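Okay, here's what each chain looks like letter by letter:
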Amino acid sequence: MTFDKDYIMSLDPAIFENICGVLGCKIEDISGIEAMKVGLTNISFRFEVGGKAYIYRHPGKGTSRFIKRECEAFSEGVAKELGLDPTFLTIDAENGWKMSEFLQGCRHFDPYDRHDQAIAMDLLRRLHEEKITCPWDYDYMNMTGVYAALLEEHQPGAFLPYEETYEDMSRLYEKMEAEGFEKCLCHNDAWHYNMLRGDDGTVALIDWEYSGNAYPQVDVAYFTASLDFDDDDYMALAELYEGRQLTFKEKRFYFACLAICLWHWFVWAIYKEAIGTQVDDKQMWYDKAVHALKIATEMFEKE
């Protein structure tokens, strides 16, 4: 898909002003505009100036109701400093637009390849080991409630079939909070499509919109969200991240994180579909969340 300049102007006349302000160019210097992703939250397009390629991210309507752009800006700064996202150039923390360098020859990680898994877990570990905290928490159950409320605004009664599951997840979350695991700055959207490798070997963990203080184990859990992983595959990935075998308590916590994480994204998905955006993995997320809920609950009952 290609975008022309008139279409970009219809989105927001300030877009070209933003680009020119960052790169010190003129509007006529901008060429090769091409859609990178008409995503579930934003619109992103590739463009060129002076023979170099960039990405501009335009925030979607209504995203300010559930995305803290100040937190995203903070996290992108951290990611740049730690070398986790070397593509990042700048972000407007108030309006949400962002610019990055285009990673030449980029490809997504292969989430089933053990080597790529190791690189992915290393990216996450490098973030978590810094034990950085920020002024913003990403509370999965609280955000699930936000999405449920937004869903009710658009389709009253649509959340009622899931109320019992919501209560079960809430009870599990209370048990998780009592476990004593530490929170720190997390990506919170760490599926493999947000991990890129360039043709020069550069790797990047991109799209920090949902970042905030959370349990690091949730980042590992979400990497598996849309994958055909069984329980053993998930535990193997968790042990790859930890660099050792897990204790019973840790295994229980990882399954609890998987349940809470995918339940959160399932509710997000039914809200997105209520406003007209199809989410293909919605049912998979629900099934995996309920499965993990059952395992974690049974493990807690063994105490």
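Please refer to the structure placed before this passage.
Residues numbered from 1 in each chain as written. Predicted model: local features only at pLDDT ≥ 70, side-chain atom pairs only at ≥ 80, totals over all residues. Heavy atoms only, no water.

**Q** Lay out the state of the cysteines with the relevant residues and their values.
**A** For the structure shown, the criterion picks out 0 disulfides. With no disulfide partner, Cys25 has as its closest neighbouring cysteine sulfur the one in Cys20, 3.9 Å distant. Look at Cys25 and you get buried, because its relative accessible area is 14%. (Disulfide = S-S within 2.5 Å. Buried < 20%, exposed > 50% of the residue type's maximum accessible area, 1.4 Å probe, protein only.)

**Q** If you had to explain the sheet that holds strand 8 (residues 195-197) to someone new, which residues and values would you point to?
**A** Reading across from one edge, 6-8-9 is the order of the 3 strands in this open sheet, with antiparallel pairing throughout. Both outer strands of the open sheet, strand 6 (107-108) and strand 9 (203-205), are each paired with one neighbouring strand and no more. Against the sheet, helix 4 (residues 114-128) touches strand 6, strand 8 and strand 9, its axis set at about 120° to strand 8. (Pairing = 2+ DSSP bridges. Helix = DSSP H or I, 4+ residues; strand = E, 2+ residues; numbered from the N terminus. Contact = heavy atoms within 4.5 Å. Axes fitted to C-alpha atoms, helices over the stretch in contact; angles between N-to-C directions.)

**Q** So what about the packing of aromatic side chains? Which residues, and what values?
**A** Applying the stated criterion across every chain, the model contains 26 aromatic pairs. A ring pair is formed by Tyr138 and Tyr210, whose centres lie 6.3 Å apart and whose planes are at 85°; its orientation type is edge-to-face. With Tyr138 in the loop between helix 4 and helix 5 (140-154) and Tyr210 in the loop between strand 9 and strand 10 (212-214), the pair connects residues that are 72 residues apart, well separated along the chain. We note that Tyr138, like Tyr210, is buried. (Phe/Tyr/Trp six-rings, centres within 6.5 Å; stacked < 30°, edge-to-face > 60°.)

**Q** Go over the nonpolar core with me, naming the residues and quoting the values.
**A** Where a protein is soluble and globular, its nonpolar side chains tend to be buried together. Judged by nonpolar contacts, the single largest core of 81 residues is most densely connected at Phe66, Tyr147, Leu172, Met176, Trp268 and Trp285. Among the elements that make up this core, the one with the highest residue count is helix 9 (residues 248-274) (19 residues). Non-local contacts of Leu172, meaning those with residues more than four positions away in its chain, are made with Ala256, Ala259, Ile260, Leu293, Ala296 and Phe300. Listed in part, the 15 residues of the second largest apolar core include Cys20, Cys25, Ile30 and Tyr54. (Core = buried A, V, L, I, M, F, W, Y, C linked by side-chain atoms within 4.5 Å.)

**Q** If you had to explain the pattern of salt bridges to someone new, which residues and values would you point to?
**A** Any two side chains of opposite charge can pair, on the condition that their charged atoms come close. Applying the stated rule across the entire model yields 20 salt bridges. For Lys183, the salt bridge goes to Glu177, with nearest N and O atoms at 3.3 Å. Taking relative accessible area as the criterion, Lys183 reaches 31% and is therefore assigned partly exposed. Taking relative accessible area as the criterion, Glu177 reaches 37% and is therefore assigned partly exposed. For the salt bridge of Glu179 with Arg252, the shortest nitrogen-to-oxygen distance reads 2.8 Å. Residue Glu179 is found in the loop between helix 6 (163-177) and strand 7 (184-186), and its partner Arg252 is found in helix 9; the two are separated by 73 residues along the sequence. The same class applies to Glu179 and to Arg252, which are both buried. A cluster of three or more residues bridged by salt bridges with shared partners is formed by Arg57, Arg69, Glu72 and Glu209. (Salt bridge = Lys/Arg side-chain N within 4 Å of Asp/Glu carboxyl O.)

**Q** Explain the packing of helix 7 (residues 216-223) against helix 8 (residues 231-242) to me, using residue names and the numbers behind them.
**A** Running from amino to carboxyl end, helix 7 crosses helix 8 at an angle of 135°, the nearest separation of the two axes being 10 Å. Judged on the interaxial angle alone, helix 8 and helix 7 are oblique. Here helix 7 runs over helix 8; the crossing is right-handed. Here helix 7 contributes Pro216, Gln217, Val220, Ala221 and Phe223 to the contact with helix 8, which in turn contributes Tyr234, Leu237, Ala238 and Tyr241. Residues that form the contact of helix 7 with helix 8 fall into these classes: 8 nonpolar, 1 polar and no charged. (Parallel < 35°, antiparallel > 145°, perpendicular 65-115°, else oblique. Left-handed = near helix turned anticlockwise from the far one by under 90°. Nonpolar A, V, L, I, M, F, W, Y, C, P; charged D, E, K, R; others polar.)

What is shown is where atoms sit, not what they do.
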